[in-house]
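Topology and contacts: notes
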Amino acid sequence: DMGAEEQAFQARIDEGIKIEAKDWMPDAYRKTLIRQISQHAHSEIVGQLPEGNWVTRAPTLKRKSILLAKIQDEAGHGLYLYSAAETLGVSRDELLAALHSGKAKYSSIFNYPTLSWADMGAIGWLVDGSAIINQIPLCRCSYGPYARAMIRVCKEESFHARQGYDIMMSLCKGTPAQKAMAQDALNRWWWPSLMMFGPSDAASVNSAQSAQWRIKLFSNDELRQRMVDQTVPQIEYLGLTVPDPDLKFNAETGHYEFGEIDWSEFNNVLKGNGPCNRERLQTRVKAYEDGAWFRDALVAYADKQAAVKAA
Ligand code: ACO
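Because the structure is a prediction, the values reported are computed rather than measured.

A closer look at the layout of surface pockets
Size it by volume and the largest pocket reaches roughly 1100 Å³. Surrounding the largest pocket, 47 residues form its lining, Gln39, Asn134, Met196, Phe197 and Gly198 being those nearest its centre. Among the elements of the structure, helix H2 (27–46), helix H3 (48–52), helix H4 (61–86), helix H6 (118–135), helix H7 (144–172), helix H10 (220–238) and helix H11 (263–273) are those that each provide at least two residues to the lining of the largest pocket. Take the lining of the largest pocket: its biggest share by element is seven residues, from H6. Looking at side-chain class alone, the lining of the largest pocket contains 21 nonpolar, 17 polar and nine charged residues. Considering only enclosed or pocket space, the second largest pocket measures out at about 310 Å³ in volume. Of all the elements in the fold, those that place two or more residues in the lining of the second largest pocket are H2 and helix H5 (92–100).

A closer look at the side chain of Thr231
One can find Thr231 in helix H10. Thr231 gets classed as buried once you look at its relative accessible area, which sits at 5%. For Thr231, the side chain forms a polar contact with the main-chain oxygen of Met227, separated by 2.6 Å. Non-local contacts of Thr231, meaning those with residues more than four positions away in its chain, are made with Trp125, Leu126 and Trp190.

Side note on the site of the ligand
Around the ligand lies a shell of 28 residues, among which Gln39, Lys105, Ser108, Ser204 and Lys216 are the nearest. Between a nitrogen atom of the ligand and a side-chain N or O atom of Gln36, the distance comes to 3.4 Å. Protein burial of the ligand: of its 960 Å² of free accessible surface, 89% is covered by the chains. Residue assignment for the shell around the ligand shows that the elements contributing at least two residues are H2, H6 and H11. In terms of residue count, the dominant contributor to the shell around the ligand is H2 (six residues). Broken down by class, the residue content of the shell around the ligand amounts to 12 nonpolar, 12 polar and four charged.

Some thoughts on the nonpolar core
With 76 residues, the main nonpolar core has Tyr29, Ile37, Tyr143, Tyr146, Trp189 and Trp190 as its most contacted residues. With 10 residues, the single largest contributor to this core is H7.

What to know about the packing of H5 against helix H12 (residues 277–290)
The N-to-C vectors of H5 and H12 enclose an angle of 140°; their axes lie 9 Å apart at closest approach. On the basis of the axis angle, H5 is oblique to H12. Facing Asp93, Leu96, Leu99 and His100 of H5, the residues of H12 in contact are Leu281, Arg284, Val285 and Tyr288. In terms of residue class, the contact of H5 with H12 is made up of five nonpolar, one polar and two charged.

Parameters at a glance
- Residues numbered from 1 in each chain as written.
- Predicted model: local features only at pLDDT ≥ 70, side-chain atom pairs only at ≥ 80, totals over all residues.
- Heavy atoms only, no water.
- 1 Å grid on protein atoms, 1.4 Å probe; cavity = no way out; pocket = protein on both sides within 12 Å on 5 of 7 lines; lining within 4 Å.
- Points joined across faces, edges and corners; volume = space filled by probe spheres on them.
- Helix = DSSP H or I, 4+ residues; strand = E, 2+ residues; numbered from the N terminus.
- Nonpolar A, V, L, I, M, F, W, Y, C, P; charged D, E, K, R; others polar.
- Buried < 20%, exposed > 50% of the residue type's maximum accessible area, 1.4 Å probe, protein only.
- Polar contact = N/O pair within 3.5 Å; in protein donor to acceptor, adjacent residues only side chain to side chain.
- Contact = heavy atoms within 4.5 Å.
- Near = heavy atom within 4 Å.
- Areas by Shrake-Rupley, 256 points an atom, 1.4 Å probe, with all protein chains shown as cover.
- Core = buried A, V, L, I, M, F, W, Y, C linked by side-chain atoms within 4.5 Å.
- Axes fitted to C-alpha atoms, helices over the stretch in contact; angles between N-to-C directions.
- Parallel < 35°, antiparallel > 145°, perpendicular 65-115°, else oblique.

Have a look at this one:
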């Protein structure tokens, strides 16, 4: 029961033509994009917090400057994404208000603590690595402003993944204590990284519609499988152990089979009850409130400039 307008819209998507900000689109398409892009934007800026924890304790000046650059990149990604969301007619203030009130979602992964320096390695390698796998297809998604923002984001994410793996390599070539630290980080980040891809296809409520609109080009389980297939050989190269007793390579399919994900943990984090949900939100709200004087100054300055122009 699609109307003519909606049929024409779907036909353009099926042909691979990008939808642009001023084009007609169904309300539900607009809403889905605002939901996903804003969740994505929030994830980028909340994602700065776990790594921010280690800036003052990076082991060398070089590691510190790399980490700082990476964390600044994440702020930039948040800005491109908030801008992409704004093209759909929502304001940044509304989006931030939804984040700060706890109404908006952001990625589950950023609600886990960063306990050691090895976590900086594991995050860059596994978390940014998973982000790349999820986001490369988004460069070809149907909404032009989102697809274009993803191109630069993915380039920067690959630098992040490389710096993370480089930290892991150094630790694994180091003392037994350093290698044990790397294994501990892998143990804690492995399963939450698999959860980043979202619920199983059977439980994913938004997938079918998002696939029809070419917002999703691959399913949650397909991308999760890709992550496992790509990462297990990297774990072996480091001389570390995958924290999954059920993991085995299936020579017939060419894929790794892996154990059951603890979905109760995932759902619990989404409900706001992960190890760091409250702390992350408090930190964001405090940063926003502490920045009020600066936003006020910008408005006062803009008013003054406008008054000068009018005079
Ligand atoms: N953390 C928090 N919430 C999640 C996660 C997750 N890892 N995975 C799924 N969800 C939420 C969905 O947002 C959705 O909630 P909503 O309907 O209230 O918005 C619900 O769980 C059901 O999931 P799906 O039906 O599978 O939802 P969707 O089709 O949106 O797929 C996915 C989820 C794959 C995360 C998709 O939104 C996506 O590709 N987003 C863009 C990438 C992104 O946001 N990455 C952020 C982390 S990477 C980084 O920033 C470094």
